[in-house]
Amino acid sequence: MAVWLLVGLLGLVAAGVLFSSLDADLDDPASFESEQVSRRLDAIAPGGESIVGIVEGAPVPDETLAALEATPGVASVVHGPSDDGVATGIAVELEPALDDGTEETAVEAVESIMRDIDAPEVLVGGELLVDEEFAELAEKDAKRAELLSLPIAIVVMIVVLGGLLAAGLPLALAFGGVFATMLALGVVASVMDVSVYALNVVIMLGIGLGIDYGLLMVSRFREERGAGRDVDAAVDETMSHSGRTVAFSAATVAVALSGLLVFEDATMRSIGIAGIIVVLACMTAALTLLPALLARFGHRLRPAAAASDHGAFARLSRFVTRRAGLVVVAVSFVLVLLAAPLLDARFDDLDVRALPKSSESRQVSETIDARFGGVTQEPIVVVTDAGIDAAALDAFVDDVTGLDGVRAAEVVASTADGVHVVEVSATGVSNGPDAQRLVGEIRDLGAPFTYRVGGDPAETVDFRHSVSSRLPLALGIVAVTTFVLLFLMTGSVLLPLKAIAMNVLSLAATFGALVWVFQDGHFSGVLNFAPTGALDLVMPVVIFVFAFGLSMDYEVFMLARIKEAYDETGDNDAAVAVGLQRSGKIITTAALLIVLVFAGFVAGEIVAMKQLGLGLALAVIIDATIVRLLLVPAAMKLMGRWNWWAPRPLARVHSRLGLREQPRELVAT
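The structure reproduced in this document is the subject of the present report. Small disclaimer: the values here were computed from a predicted structure and weren't measured.

What to know about the overall build of the protein
In step 1: What the protein contains, in helices and strands, is 21 helices and 10 strands.
In step 2: Its C-alpha radius of gyration of 29 Å places the protein within 12% of the 26 Å reference for a compact globule of 669 residues.
In step 3: By principal-axis analysis of the C-alpha atoms, the protein measures approximately 90 × 50 × 45 Å.
In step 4: Taking as baseline every contact in the protein between residues at least 6 positions apart, the subset at least 24 positions apart corresponds to 79%.
In step 5: Roughly 27200 Å² of accessible area belongs to the protein as shown, and the carbon and sulfur atoms make up 61% of that amount.
In step 6: Side chains of the protein carry 44 positive and 80 negative charges; the gap between the two charge centres is 22 Å.

Description of a nonpolar patch on the surface
In step 1: Side chains of Phe 333, Val 334, Leu 337 and Leu 338 sit close together on the surface and give an oily, nonpolar patch of about 380 Å² of accessible area.
In step 2: Mapped onto the elements of the fold, Leu 338 is located in helix H11 (residues 324-339).

Some thoughts on empty space enclosed by the protein
In step 1: Enumeration according to the criterion identifies 1 cavity of 30 Å³ or more in this entry.
In step 2: Computed from the structure, the largest cavity encloses a volume of approximately 30 Å³.
In step 3: If you go around the largest cavity, the residues you meet are Ala 145, Glu 146, Ser 149, Leu 150, Ile 203, Ile 207, Val 597 and Phe 601.
In step 4: Among the elements of the structure, helix H5 (127-161), helix H7 (197-226) and helix H19 (572-602) are those that each provide at least two residues to the lining of the largest cavity.
In step 5: Ranked by residue count, the leading element in the lining of the largest cavity is H5, at 4 residues.
In step 6: Classifying every residue of the lining of the largest cavity by side-chain character gives 6 nonpolar, 1 polar and 1 charged.

Describing the packing of H5 against H7
In step 1: With their axes 9 Å apart at the nearest point, H5 and H7 run at an angle of 10° to one another. When the axis of H5 is compared with that of H7, the two are roughly parallel. Two secondary-structure elements touch here, H5 through Phe 134, Ala 138, Asp 141, Ala 142, Glu 146, Leu 150, Ala 153, Met 157, Val 160 and Leu 161 and H7 through Tyr 197, Asn 200, Ile 203, Ile 207, Ile 211, Leu 215, Val 218, Ser 219 and Arg 222.
In step 2: A per-class count over the contact of H5 with H7 returns 14 nonpolar, 2 polar and 3 charged.

Quick word on a negative patch on the surface
In step 1: Residues Asp 99, Asp 100, Glu 104, Glu 108, Glu 132 and Glu 136 make up a contiguous surface patch of negative charge.
In step 2: With 3 residues, helix H4 (residues 100-115) is the largest single contributor of residues to the negative patch.
In step 3: By secondary structure assignment, the location of Asp 99 is in the loop between strand S3 (87-94) and H4.
In step 4: Using a relative accessible area of 48% as the deciding quantity, one classes Asp 99 as partly exposed.

With respect to the nonpolar core
As a rule of thumb, soluble globular proteins bury nonpolar side chains together.
In step 1: Membership of the largest hydrophobic core comes to 164 residues, with the highest contact counts inside it found for Tyr 213 and Phe 546.
In step 2: Sorting elements by how many residues they give to this core places helix H18 (residues 539-569) first, with 20 residues.
In step 3: Those residues in contact with Phe 546, other than ones at most four positions away along the chain, are Val 201, Leu 205, Leu 257, Leu 260, Ile 271, Gly 275 and Leu 616.

Cut-offs applied
Residues numbered from 1 in each chain as written. Predicted model: local features only at pLDDT ≥ 70, side-chain atom pairs only at ≥ 80, totals over all residues. Heavy atoms only, no water. Helix = DSSP H or I, 4+ residues; strand = E, 2+ residues; numbered from the N terminus. Rg over C-alpha atoms; globule rule 2.2 N^0.38 Å. Contact = heavy atoms within 4.5 Å. Areas by Shrake-Rupley, 256 points an atom, 1.4 Å probe, with all protein chains shown as cover. Lys, Arg positive; Asp, Glu negative; His and termini not counted. Charge placed at Lys NZ, Arg CZ, Asp CG, Glu CD. Patch = residues over 30% accessible without salt bridge, like charges linked within 9 Å, V, L, I, M, F, W, Y side chains within 5 Å. Salt bridge = Lys/Arg side-chain N within 4 Å of Asp/Glu carboxyl O. 1 Å grid on protein atoms, 1.4 Å probe; cavity = no way out; pocket = protein on both sides within 12 Å on 5 of 7 lines; lining within 4 Å. Points joined across faces, edges and corners; volume = space filled by probe spheres on them. Nonpolar A, V, L, I, M, F, W, Y, C, P; charged D, E, K, R; others polar. Axes fitted to C-alpha atoms, helices over the stretch in contact; angles between N-to-C directions. Parallel < 35°, antiparallel > 145°, perpendicular 65-115°, else oblique. Buried < 20%, exposed > 50% of the residue type's maximum accessible area, 1.4 Å probe, protein only. Core = buried A, V, L, I, M, F, W, Y, C linked by side-chain atoms within 4.5 Å.

Any functional reading would require information beyond the geometric quantities listed.
Now the structure itself:
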């Protein structure tokens, strides 16, 4: 307990400074062609970050432009009217490679000068301010989620566990895991770039899993006390059964999150690392801190009433198993129906569109797209090799200009050794479908010299290709390792395959709902977001691995009790009913609590985090109700004794390496 108190205090200190060390926009991998272009441009003509102002309904005074040009750290100032002549746009580019202090001072000075312009409205945005706004909103969303979800979760736990102390133990576990992760993440951030979203994931997953594991173990402890065991014996039994379940559960969740590590994108990798750390931290707290707390305060917890194996969940199981075939068909049909919108799914880099409509940076970007037709915020950039023939370059530029969707193409820079930079402006919105299509067409165009295509549209194209090419490997790792873990737990070959198939089906339904909400815009008013016509590129993959892990979390909770009952009775149908009765209340309560935590992030302002929060909440709801209470019992009834089958060679492997328990001993009360 003293060690965990120290870890918590150090983690609390680390949390106070962690947000400032995280980044909202991490660099792309060096293997991306667009990143190679970016680095080449930095070597040819280093450019600084930009700040953009939109001045509505009034001219920009010459003295304001002069003040901006004279600001230390400013490299250039460009201004021009909107298409309707009502507004003026000002683009201020900072000098390259400014240190943090100088850059911060320059940004503050430029912002102040722009906001002092006497006009009906002045909007200030740009690259630098977008990153700052993402970081600020991510921190606000995390705090808002805690304030919204934790009080409700505490009330639910008090009701379920029968007292404030019993409810406080899972929270102690959750916060221990979160603060331990903060401490570890501070170390990780000192040696590699970590996305600001990783901290939101730590809070979301840490509190949710911590409460889940704490609820499972405290409930088992009270159950063992109700069976007549003293505190020490009850702790031993809790660790022997629920502690083992937690270890397996954490392993399956961590394995699922390890799928994110195969991707090249730094944001996805850092989210995966943070997720794995928080899962292992919560598991460690569950296996060390919670037993210590139970040993110290367990005598003050009210023992649970003697558990009945013939309650509401057992009756539900028998009702389902009597109609097993019909239930499997009906539930599968509903899940497939929910998954149908996934066929029309579109994925895109939401960039500034991930910010709320009220965001000043987003308003600046959308105003430029809508009212400054001659300005391309994210042009396609082509960089040629050195020493090319001028006639060949002109012919190439003409070919590019002739492509459908090209508004203009021109050489904007050339070096002494003959390297040329060509900027291509596409029709449509910045980094839109036209621009992304043109990236591929320009790359396929061909020329008698070597060239590379970059810019923001190319970054999106490269990222999409990177994700799609690595996705099969990630899914394979998740599926194989999950299969191995569940086999070691159950000794069955078919149960892990069934679990994986059901998880994929329930996740397909979850993604169908996400497409219907975020891509098609249903409930956008209730959820307070502006539809973008696509899902964020990163979040579907993150949601999949997190939701897959959480689904396996509940699968382990349930299978552990079913396997325990099967070892006691040898009767498959009875084991399913008893296992569901023993685990049903815990699973539904744990699911309710973790949904409350995730729902807190749906109330945030960043669209990507809304997608993550709602996606995980829906996945848990579908899994803990339709799948766990209906589909699993029905499928296990149809499979009968085949649930526990394994080929003889694998059965011998399980007898050596698998984890088994002795049947539970009864204690006289």
